[in-house]
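Analysis of the macromolecular model
Chain residues, written in single-letter form:
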Amino acid sequence: MNNESSATQSDVSMLAAVQPLVDALAGTCLDPKRDQYANGSPRATRNPAIFTKGSAPRDVTAYAGSGATVKVTVAGDATELIDLCSMTENTILGLNDPWVKLKQMSYLLSRRPHYVTIRLGYELYYRVANRILRRFERIAGEGEYVINMRECTGSGAVELALHAAWRTAASPGRRRLASFRGGFHGTNLGGILVSDHQPERGSGRVLLERAANVEVFPVPRVDQVGELTEDALATLTTLERDGDQYFAVILEPVPWRNSVHVVPTVFLERLREICTRKSICLIFDELQSGFGYTGAISFGEVCGVTPDISVMGKGLTSGHGALAIMVARRVYGEHQSPFGFKSNSGSMLSLVAVDAVLDRLLGLEPEDAGALPAWLPRDLAAELEAGLLSTTYPQTVAMIDELFGELRLRFPSLAGPSTGLGLMRGLVMLGTDGRPSPHLAAEAARVCLAHGVHVRQADAAIFVKPCIVISQSEIDQALVGLTRTFEDVERLRMA
Ligand SMILES: Cc1ncc(COP(=O)(O)O)c(C=O)c1O
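Read on for an overview of the structure.

Cut-offs and rules
- Residues numbered from 1 in each chain as written.
- Predicted model: local features only at pLDDT ≥ 70, side-chain atom pairs only at ≥ 80, totals over all residues.
- Heavy atoms only, no water.
- Near = heavy atom within 4 Å.
- Polar contact = N/O pair within 3.5 Å; in protein donor to acceptor, adjacent residues only side chain to side chain.
- Areas by Shrake-Rupley, 256 points an atom, 1.4 Å probe, with all protein chains shown as cover.
- Nonpolar A, V, L, I, M, F, W, Y, C, P; charged D, E, K, R; others polar.
- Pairing = 2+ DSSP bridges.
- Helix = DSSP H or I, 4+ residues; strand = E, 2+ residues; numbered from the N terminus.
- Axes fitted to C-alpha atoms, helices over the stretch in contact; angles between N-to-C directions.
- Contact = heavy atoms within 4.5 Å.
- Expected span 1.5 Å × (residues − 1).
- Buried < 20%, exposed > 50% of the residue type's maximum accessible area, 1.4 Å probe, protein only.
- Salt bridge = Lys/Arg side-chain N within 4 Å of Asp/Glu carboxyl O.
- Arc of directions from axis to C-beta.

If you check the shell around the ligand, you find Thr153, Gly154, Ser155, Phe184, His185, Gly186, Glu252, Arg257, Asp285, Leu287, Gln288 and Lys314 and nothing else. A distance of 2.5 Å separates an oxygen atom of the ligand from a polar atom in the side chain of Ser155. Asp285 has a polar side-chain atom sitting 2.7 Å from a nitrogen atom of the ligand. Calculation on the ligand without its partners gives an accessible area of 390 Å², and the protein chains cover 84% of this total. Residue composition of the shell around the ligand, by class: two nonpolar, six polar and four charged.

Structure representation (structure tokens):
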């Protein structure tokens, strides 16, 4: 179906079937149309000083949104922003996805437990776990993987993965871990120690500044004819030679901070082969690339290489709740308390959200397909039948291709190569010397907000990671905003 009529543009509160409830709340403090959070006491008014440094809300204030469109006020004036970074990488379904909201509403209106303590079970765990594991079983054997759904943040799930790999290491002598330049794996101790990406290196962290057993290797690349570079071959040689000392290799399949690079499949294949032979745990950190952004739930489905452990979060709930998961080969499924048992992991609404996101990306489970409400908008029902990954995803990728193609045409000396894969994309910014320029990419990411677009900087590229349901008119609007942005950047480049 055409992205232009994407079901995401429908607002749940406008659905006739939901209207009686909306009407019943009208005029009360529960009125969904009332701006309940705007007119607080003077103490609640904007005062950045009450927040820790850098965590205060920005001056651009979001107040509504749908799909890739965020309605914002800037210094009191209302305007619109096209979010090409899906609310900074979290919302694969864009803002206010009607299906996720309907499923959460249904849950809220039920008497089912909104929270289940860690000591009790609940059916939803099994349903969601089975749906995710089925995807992994497509690339490995049945029953090959187990899952942990008890973490809230990606950092927590990364730390759990590190623990699982460490605990299962083939011998106590294996203490080394391989990670890659520019990689980022979280903000807790485990995540920080295995990350190369450290904005303030050496400035002191919690308890430890660095871990001597973490080896950081160059980003794996191929040359222009598709052969592994010398650096990449040297990494494989080192792991082959010293493999008996390594318990794990952790990598992001799309390490976007490196100008949205994609780790070549040929490297992953060779790495997989070494890790299997040397019994090293291969960890895919799929916090950024998982759940739809590369056209599948897990990158293993895209590249055909199976990790021993995969870690996911963010897109998982599409921003409708905190949850992160670890999917691990059975042998890595053991961990020691307190790992893997976060006490605040019982938010059922997050699990409902994952279930709904799976419906949207893959299509409904057969038992639900025949029981959709008749009043559901036809577009949404059709999307739910087919699943967005098989229908909308290729169209959205094509729209991004066209957007980048047009920008390169309009700005031949500024807009360089297009990088990345699927919905994780980069457009390299070039200096007057024709070389990739992190400075200009940073400038583009800075000025774009003033032109109604949100992109981020990824080293020398602008980082574009749109929601899957972005529409053609939103892309057209983004083209206008990016054109103005690039005009500004060209002027800066000349200055
Ligand atoms: C690749 C990667 N791993 C781990 C994390 C940590 O996730 P969280 O911020 O949910 O703790 C992030 C966060 O941006 C990430 O990008």
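The next thing to look at is the sheet that holds strand E15 (residues 461-464). Strand order in the open sheet made by the four strands is E11-E12-E15-E14, with antiparallel pairing throughout. The two strands at the open ends of the sheet, each matched to only one other strand, are strand E11 (415-421) and strand E14 (456-458). Strand-to-strand twist across the sheet, computed as the mean angle between neighbouring axes with direction ignored, equals 30 degrees. Where E14 and E15 come together, three bridges link them in antiparallel fashion. Bridge pairing in E15 links Gln457 to Ile462. Along the sheet, helix H13 (residues 388-410) contacts E11, strand E12 (424-429) and E15; its crossing angle with E12, the most-contacted strand, is approximately 5 degrees. Contacts from helix H14 (residues 438-447) reach E12, E14 and E15, with the element oriented near 165 degrees to E14.

Turning our attention to helix H5 (residues 154-168). Its 15 residues give H5 an end-to-end C-alpha distance of 21 Å, which sits within 8% of 21 Å, the value for a rise of 1.5 Å per residue. Burial within H5 is extensive, with eleven of its 15 residues counted as buried. All of the buried residues along H5 are Gly154, Ser155, Gly156, Ala157, Val158, Leu160, Ala161, Leu162, His163, Ala164 and Ala165.

Turning next to the side chain of Asp308. With respect to the helices and strands, the residue Asp308 is situated in the loop between helix H9 (299-303) and strand E9 (309-312). A polar side-chain atom of Asp308 sits 3.0 Å from a polar atom in the side chain of Arg272. Ignoring sequence-local partners within four residues, the contact set of Asp308 consists of Tyr145, Arg272, Ile280, Cys281, Leu282, Val327, Ala328, Arg329 and Tyr332.

What follows concerns the pattern of salt bridges. Under the counting rule described, the total for this entry stands at 29 salt bridges. The salt bridge partner of Lys103 is Asp355, with a shortest N-O separation of 2.9 Å. Taken as a pair, Lys103 in helix H3 (residues 98-108) and Asp355 in helix H10 (residues 348-362) lie far apart in primary sequence, 252 residues in all. The exposure class of Asp355 is buried, given its relative accessible area of 5%. Close ionic contact of Asp368 with Arg127 constitutes a salt bridge, the shortest N to O distance being 3.0 Å. In this pair, Asp368 is assigned in helix H11 (residues 366-369) and Arg127 in helix H4 (residues 123-137), connecting sequence segments 241 residues apart. A relative accessible area of 26% means that Arg127 is categorised as partly exposed.

Quick look at the pairing of E15 now. Neither face of E15 is exposed, since Ala461 and Phe463 on one face and Ile462 and Val464 on the opposite face are all buried. The sheet contact formed by E12 and E15 spans four bridges and is antiparallel. For Gly426, the partnering residue across the bridge sits in E15 and is Phe463.

Locating Gly300 in the fold gives a position in helix H9. When the C-alpha positions of Gly300 and Asp59 are compared, they lie 40 Å apart, and in sequence the two are 241 residues distant.

Let us now look at helix H7 (residues 230-242). The end-to-end C-alpha separation of H7 is 18 Å, in line with the 18 Å expected for 13 residues at 1.5 Å each. Along H7, the residues classified as buried are Ala232, Thr235, Leu236, Thr238, Leu239 and Asp242. Along the axis of H7, the buried residues cluster in a sector spanning 160 degrees; they form a single face. Among the exposed residues of H7, those pointing more than 90 degrees away from its buried face are Glu230 and Arg241. Buried residues in H7 make contact with strand E5 (176-180), strand E6 (214-217), strand E7 (246-251) and helix H8 (265-278).

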